[in-house]
Amino acid sequence: MGRTKKMVKEELANRPDNTAFTQQRLPAWQPMLSAGIVIPGFVIIGLAFIGIGVALFVTSQSIQLLELDYTGVEQTSPCFKCSDPNAKNCMCELTFSTDTLFKGPVFFYYGLSNYFQNYRSYGVSKDDDQLSGNLDNFKSPSDTCAPYEYDRNNKPFVPCGAVANSLFNDTFKLYQIVNGAKKVVPLDGKGISWWTDYNIKYRNPAVTPLKNAFNGTVKPLYWSKPAYELDPSDPANNGFINQDFLVWMRRAALPDFRKLYRRITDGDYAEGLPAGNYSLQIAYNYPVLSFEGRKKVVFSNVSWMGGKNEFLGIAYLVIGSLCVVMSVVMLIVYAKFKFPEEE
Amino acid sequence: MLRRRLNRLLGGDERRVDSRTIYVGHRSCSATEAFIPPKFCDNRIVSSKYTVWNFLPKNLFEQFRRIANFYFLIIFLVQVIVDTPTSPVTSGLPLFFVITVTAIKQGYEDWLRHKADNEVNKYLVTVLEDGGRIQKESEKIKVGDVVEVEEDETFPCDLILLQSSRDDDTCFVTTASLDGESNHKTHYTVPDTEKDLESLNATIECEQPQPDLYKFVGRMHIYKNDQEPTVRSLGPENLLLKGATLKNTQKICGVAVYTGMETKMALNYQGKSQKRSAVEKSINAFLLVYLCILVSKALVCTTLKYVWQSKPGQDEPWYNEKTQREKETNLYLKMFTDFLSFMVLFNFIIPVSMYVTVEMQKFLGSFFITWDKDFFDPEIKEGALVNTSDLNEELGQVEYVFTDKTGTLTQNNMEFIECCIDGFQYKYRDASSELDGFCVTDGPVSKLQQKAGREKEELFLRALCLCHTVQVKESAEQGQGQRDGLIDEVDGLGVDGEVVHPLQEQRGFIASSPDEVALVKGAMRYGFTFLGLESKTMKILNRNNDVEMYELLHVLNFDPVRRRMSVIVRSKSGDTLLFCKGADSSIFPRVRREEVERIRMHVERNATEGYRTLCVAYKILSAEEYAQADAGLREARLALQDREEKLMTVYNQVETGMSLIGATAVEDRLQEEAAETMEALQGAGMKVWVLTGDKMETAKSTCYACRLFQRNTELLELTVRTLEDGGRRREERLHDLLLEYHKKAVQDAPPVKAGVTRSWSSAGQDYGFIIDGATLSMVLNSSSESNSNRYKNLFLQICQNCTSVLCCRMAPLQKAQIVKMVKNSKGSPITLSIGDGANDVSMILEAHVGIGIKGKEGRQAVRNSDYAIPKLKHLKKLLLAHGHLYYVRIAHLVQYFFYKNLCFILPQFLYQFFCGYSQQPLYDAAYLTMYNICFTSMPILAYSLLEQHICMEVLLDNATLYREIAKNAMLRWGPFLYWTLLGVFHGLLFFFGVRFLFSNPALQDNGQVFGNWSYGTIVFTVLVFTVTLKLALDTRHWTWINHFVIWGSLAFYVFFSFFWGGIIWPFLRQQRLYFVFANMLSSVSAWLVIILLILLSLLPEILLVVFRKPRGPHARQKPVQSSAGGRQSPRSSARPLLMRTFSDESNTVI
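Owing to the predicted nature of the structure, the values given are computational and were not obtained by experimental measurement.

Draft legend 1. The arrangement of the overall build of chain A in detail. Within chain A, the secondary structure is distributed over 10 helices and 10 strands. In terms of overall size, chain A is more extended than a compact globule, its C-alpha atoms giving a radius of gyration of 31 Å where 343 residues would be expected to give roughly 20 Å. Oriented by its inertia axes, the alpha-carbon framework of chain A measures out at about 105 × 65 × 40 Å. Taken over 343 residues, chain A has a buried fraction of 48%. At a minimum sequence separation of 6, the contacts of chain A that also span at least 24 residues come to 78%. Per element, the accessible surface of chain A, about 16,300 Å² overall, is 57% carbon and sulfur. When the 35 basic and 32 acidic side-chain charges of chain A are each reduced to a single mean position, those positions are 5 Å apart.

Draft legend 2. Broad picture of the overall build of chain B. Secondary structure assignment for chain B yields 39 helices and 34 strands. In chain B, once contacts between residues fewer than 6 apart in sequence are set aside, the share between residues at least 24 apart is 74%.

Draft legend 3. Just the interface of chain A and chain B, in detail. Listed by partner, the interface residues are 91 residues for chain A and 96 residues for chain B. Contact with chain B buries surface across chain A, with Gln24, Arg120 and Trp194 of chain A losing the most and accounting together for 11% of the total. Where chain A meets chain B, there are 2 salt bridges. Remark: the boundary between chain A and chain B carries 33 residue pairs in polar contact (both at pLDDT 80 or more). Counting only elements with at least two residues in the side of chain A that touches chain B, the list comes to α1 (2-14), α2 (35-62), β4 (106-113), α3 (120-123), α7 (195-201), β7 (257-264) and α10 (310-342) of chain A. Take the side of chain A that touches chain B: its biggest share by element is 12 residues, from α10 of chain A. Of the residues assigned to the side of chain A that touches chain B, the class counts are 53 nonpolar, 22 polar and 16 charged.

Draft legend 4. Focus on the sheet that holds strand β3 (residues 132-137) of chain B. Read across the open sheet, the 6 strands follow the order β3-β2-β4-β13-β5-β11 (chain B); overall the sheet is antiparallel. The strands lining the two open edges of the sheet, one partner per strand, are β3 and β11 (239-240) of chain B.

Draft legend 5. Representation of the packing of helix α28 (residues 874-912) of chain B against helix α33 (residues 973-997) of chain B. All names here are of chain B. Interaxial distance between α28 and α33 falls to 8 Å at its minimum, and their mutual angle equals 35°. The two elements α28 and α33 meet at a crossing, and its hand is right-handed. Here the residues of the contact of α28 with α33 are counted per class, giving 17 nonpolar, 6 polar and no charged.

Draft legend 6. Layout of the sheet that holds strand β9 (residues 218-222) of chain B. Residue and element names in this part refer to chain B. Read from one edge to the other, the open sheet built from 4 strands follows the order β1-β8-β9-β10, with strand pairing classed as antiparallel. A single partner strand is all that each edge strand has here, and the edge strands are β1 (19-23) and β10 (230-234). Pairs of neighbouring strands in the sheet enclose a mean axial angle of 20°, with direction left out of account. As judged from the 5 bridges shared by β1 and strand β8 (residues 202-207), these two strands associate in the antiparallel manner. Counterpart to Tyr23 in the pairing with β8 is Thr203.

Draft legend 7. A look at the state of the cysteines. For the coordinates displayed, the defined rule picks out 3 disulfides over all chains. What pairs with Cys79 of chain A in a disulfide is Cys92 of chain A, and their sulfur atoms sit 2.0 Å apart. Every disulfide takes its handedness from the sign of the S-S torsion; for Cys79 of chain A and Cys92 of chain A that torsion is 75°, giving right-handed. You can see Cys79 of chain A sitting in the loop between β1 (65-69) and β2 (90-98) and its partner Cys92 of chain A sitting in strand β2, a full 13 residues away along the chain. Considered together, Cys79 of chain A and Cys92 of chain A belong to a single accessibility category, that of buried residues. Put simply, Cys82 of chain A and Cys90 of chain A are joined by a disulfide, and their sulfur atoms are 1.7 Å apart. When the S-S torsion is -65°, as for the bridge of Cys82 of chain A with Cys90 of chain A, the disulfide is left-handed. Should the bonded cysteines of chain A be numbered as they appear in the sequence, the pairing reads 1-4, 2-3, 5-6. Cys808 of chain B forms no disulfide, and the closest cysteine sulfur to it belongs to Cys807 of chain B, at a distance of 7.5 Å.

Draft legend 8. Molecular detail of the packing of aromatic side chains. Residues and elements named next belong to chain B. Overall, the coordinates contain 102 aromatic pairs over all chains when judged by the stated rule. Seen from their ring centres, Phe348 and Phe904 are 6.2 Å apart, and the 80° between their planes marks the pair as edge-to-face. Placement of the pair is Phe348 in the loop between α9 (331-346) and α10 (352-371) and Phe904 in helix α28, with a sequence separation of 556 residues. Residue Phe348 shares its accessibility class with Phe904, and that shared class is buried. Ring geometry for Trp1038 and Trp1047: centres 5.9 Å apart, planes at 15°, overall stacked.

Draft legend 9. Molecular detail of α9 of chain B. All names here are of chain B. Between its terminal C-alpha atoms α9 stretches 22 Å, which fits the 22 Å expected from 16 residues at 1.5 Å a residue. Buried residues of α9: Lys334, Asp338, Phe339, Leu340, Ser341, Phe342, Met343, Val344, Leu345 and Phe346, and no others. The inward-facing, buried residues of α9 abut α3 (67-81), α7 (278-309), α8 (324-328) and α28. The residue sitting at the N-terminus of α9 and contributing the capping side-chain oxygen is Asn330; that oxygen lies 2.6 Å from the backbone nitrogen of Tyr332.

Cut-offs used in this document
Residues numbered from 1 in each chain as written. Chains lettered and ligands numbered in written order. Predicted model: local features only at pLDDT ≥ 70, side-chain atom pairs only at ≥ 80, totals over all residues. Heavy atoms only, no water. Helix = DSSP H or I, 4+ residues; strand = E, 2+ residues; numbered from the N terminus. Rg over C-alpha atoms; globule rule 2.2 N^0.38 Å. Buried < 20%, exposed > 50% of the residue type's maximum accessible area, 1.4 Å probe, protein only. Contact = heavy atoms within 4.5 Å. Areas by Shrake-Rupley, 256 points an atom, 1.4 Å probe, with all protein chains shown as cover. Lys, Arg positive; Asp, Glu negative; His and termini not counted. Charge placed at Lys NZ, Arg CZ, Asp CG, Glu CD. Buried area = accessible area lost by both parts, 1.4 Å probe. Salt bridge = Lys/Arg side-chain N within 4 Å of Asp/Glu carboxyl O. Polar contact = N/O pair within 3.5 Å; in protein donor to acceptor, adjacent residues only side chain to side chain. Nonpolar A, V, L, I, M, F, W, Y, C, P; charged D, E, K, R; others polar. Pairing = 2+ DSSP bridges. Axes fitted to C-alpha atoms, helices over the stretch in contact; angles between N-to-C directions. Left-handed = near helix turned anticlockwise from the far one by under 90°. Disulfide = S-S within 2.5 Å. Phe/Tyr/Trp six-rings, centres within 6.5 Å; stacked < 30°, edge-to-face > 60°. Expected span 1.5 Å × (residues − 1).

Take it as geometry only, folks, not as evidence of what the structure does.
Spelled out as structure tokens, the structure:
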């Protein structure tokens, strides 16, 4: 008896486990994409897509957009005089008019083209530690910042690096021309950058006044003002958490890009820009012609889907209709070939 | 050749000569000569590849020889040296991981080999040394040691037999594990050696080791008390080979002449070379394509970069000045580093993780073979064994199966099935109620329940008992009775009225042919027991328990030409009797016509059933007749010239005018389900070749029994016999025959598409081809070079057009030669060898896939095989189910990997056109690294382990499904192109879809804009979802694991992205992805574009699946009807004709 027991035991030890997994017999769902599922599926998807497409298209159509190039390439352009690289503190004025109410809130973008913010060497040329307020990096910026690390006197640039150095520094003032007089359209510079950038990612050093933190450093080469004086009107909008600076530091994906400059949300213009004539006063500082770039300003309102973008709506409509067409084709194919086979 | 090489290798010491001198027992032969012990290699068998010391360097070297690993090493080095867009960690870490995992795996496998080697090497052997016996480990045996071996032990090295415990200075040996012949062979001691080995003073001079098992030449000098040394010649009959087993002899002593790797067995092995599967070759080919894509991408980008930069203002815009160092660098050097940077940026297109996943898939996947309970054999209590997991998928690609016969196709276990006496059929039934266990079945002619006369019956049984060359094996007396008693009880064989002596039941017989043993045992069951041959007297115990004595006068030996043998005996009563047994074709003409008809029917029926049949006849010789025969025989035996022919003439004279008594049917038991397995393999498009060391007749009948040859198969025979038939020179005859067969099988045959597509239903003639070892060596090593090549080609072409090929009388190396020849033939078909003995090792190693059967003949084959299974029948499931699934899984895995990396990297490539060719990565480094490791690796791994696109039962039932994946169908350029185009399509879609979306980067309802990392993250999200869902679409077998990993991977991606973007990581220099993912999700447009792109990418796939569907369900349901369709199911159909053992004339062409 004992022997048989032992033998059984031994056999059990060697015998493979008879489990569903080891025997590759796990219960399994074996889906078959049959016409009965696919055709209705296609119809539903198609209809849903057409629905979304229509919504997107209509929304996109309803978004108003106004683009004004102010590079000043053409001689007729009011900014032509400023396009000369030698011109200093050049101001130019652009006028435009709207026929209807430009519904608010209106977003005011500036746009650059043929400008490669996505250059790799450009993109890495910054010091995130410095920008998060680490004072050590004020004295010795990371070597990624090269060639905008130290100036000729070997003083560190703060903020260092190519991205910060090339901060867009044209400024704009918008006036509505009411009966020949200029009425200032108030521009709101808050909330144009990501909330997390402003509140968490970028930090000024905890030094008051902020200016002291910058002792022993120099402002970036192309900057006219040091970082702690970017916005004299609002102390919370200085240093590394200046909204314009933050917007600039978020590198654009493509060489033709636009960035949010201001929002028009206050006062008489909360409802939008009424029909009429406007004047845009531009402090033209930013050189782009050397690399054949273009500058423009864009006024736009936004919807739930963001800015104006016809691509999505059209794509949805096309795909939706394709789905419907395909389901019809499939229905015909199946009616012709499959059903007789089943009989 | 080998010897020369060996000599060259060992050159320097005295063995530059062609012989070696061995001092028996290490004793100096004469006092005058200084004794210098010659150095020979030790008796260690090494099959492992590494040692502890050389593992690291050797393994690393081996691993970096793989192009993939080398490539990643280069990429890593470039990243370390050059300023590149991604950090060295991104490629260094995975590479390190891969190398480590592979090293561990290979180390483990080598450890197993070490263990197996040790088992052999540490085996304890008794060595006679300095007057005592010493237990030594087998590996420590030195040449010249006197080794003692006991019964049933295998010889630890090649020995010259000095002393045997048997009186007649012989010993019996079975070389089953060497050449597959399981009969006992007699070996002789060196004549006149002294009984006392202690005082034996001798040297042996013999040739250097060579692989031929049947050749040995040597001389032994025996020195006796200062006399002139006596010289004895040594031949193969004195040599006991390592691997052979001592039988029927209590113990022997022998002196070691060849040890370790120099033994004939070891020399018959071939070096273990790493086997590469066809899939791996495909991977390498694809890899080259992708490498080309990669290089051309990098070249395009580099060129365009410099073209673009040559435009004014683009090279160095004011906002992005170059560093001092960049300005100083040489332009060409810059170009080169740019090129390297692009390479690094795009290097993810060649997936390092694929190698990890493939390795893991193979390693884990092979467990399913080990775990399969269908492979478990209750007899040996073991399941399948996987030695190499590298070849799993190759099991699904086999085109040629080379199988051993003995122990593989057959059990090598003959059994007496029935006999026919005087036209009445007798069938033995174990649990019969008949008094003597002998019952009459209602055969077609027999009158019901009638028996032949008792006299005839007894005559027949006496004939069986006398007409043979069987020896009785003496068994140890002690404990015999007890054991027998036990057996008696258990078997219930002790039938009253007929007392079976326990000793007889247990009696062992030895014979050169297992048939004879079966016959003698058969007679024993009917009450006539052969007790043995003692000094020319044969003793028989008859039914009445009386001992009958016969004087053996002559044995007229069996030979394959006569196909019969006879004995002449004189009974106690003084009658001289001749008993003859042989193939029906050779007996029928020599007996009276009227007797034939009654028996012919039975014989033919038995033959049809697959049994080996023999007819038995006898004749009473009158005194004159005997005197004449006796004189003739004696004269012929003494003849010095043409002895054979003279003997033959006398034999033919004597064996005439006999009367037929009956016929026997013996079954050479096939392995369980051997025929079904072979049929399934052939149905699956594989060609089965039988390679055996056995005799042609036996092998041929096995082929018929296994249904490798069918009734209508025309046999093309190319053997020594057919070559000698014409009476011309062999060479000429060979030439003619080859041409004739070629014409028949190749030129006249209806054009069939190459290899696999031979359909069952083809109306054309089936051909079977038979060749033997001697002829094969003529074909392969023909005298002239040109002929040799031509013959080889002819031979191959003939073989490839035959349904089955039988190669008999093969030496182990010849088996490998055949495998090699087929392996290297046109189209390089995938070969599989299956065998159970050491004689199969060389072919197991040579074939793409080597399968060992865990048979009785030792473990050599199992040790050297890639897979080992307990029984032949398991081969069917191993190939048709496991092999098929593994192939489909890994093929899909490979294609999918290339696809997913192509559509991963293509957007990154396209992005270069929009970022001034500045090597700006589109995706964050974390995504780049994690994509292949975490986000998309698990679903495909699960798929490649669990997928069953067709379930196992269906695969087993329907062998034709195997053909669908033949010739690497899923990894050819067609499917590869499809997957590549799919990858390109998806890549383009991902990139440009998002590109159009970003024509206005204000994507949030608060008007804020997205930057480049948002762009990349959207593309990446679409990518991860699409490739995962694409796999989900391809998955036909959703277990909970698949659900878990597919949905889990996607969830993990989302979770990881949140996590990665949700924290300021202190160790990162740039917080690029901070809140990018969360912001992306807050944008409706991003959501919409993601959904749109995923759906758009998968739509064509869905359409394809649906439109292809009418074939889809068909393939899955078809099996039920079609398995019955092609060929009748094995059981129901009439069993095909089995040729009578010795009479195959009618079916051969000659």
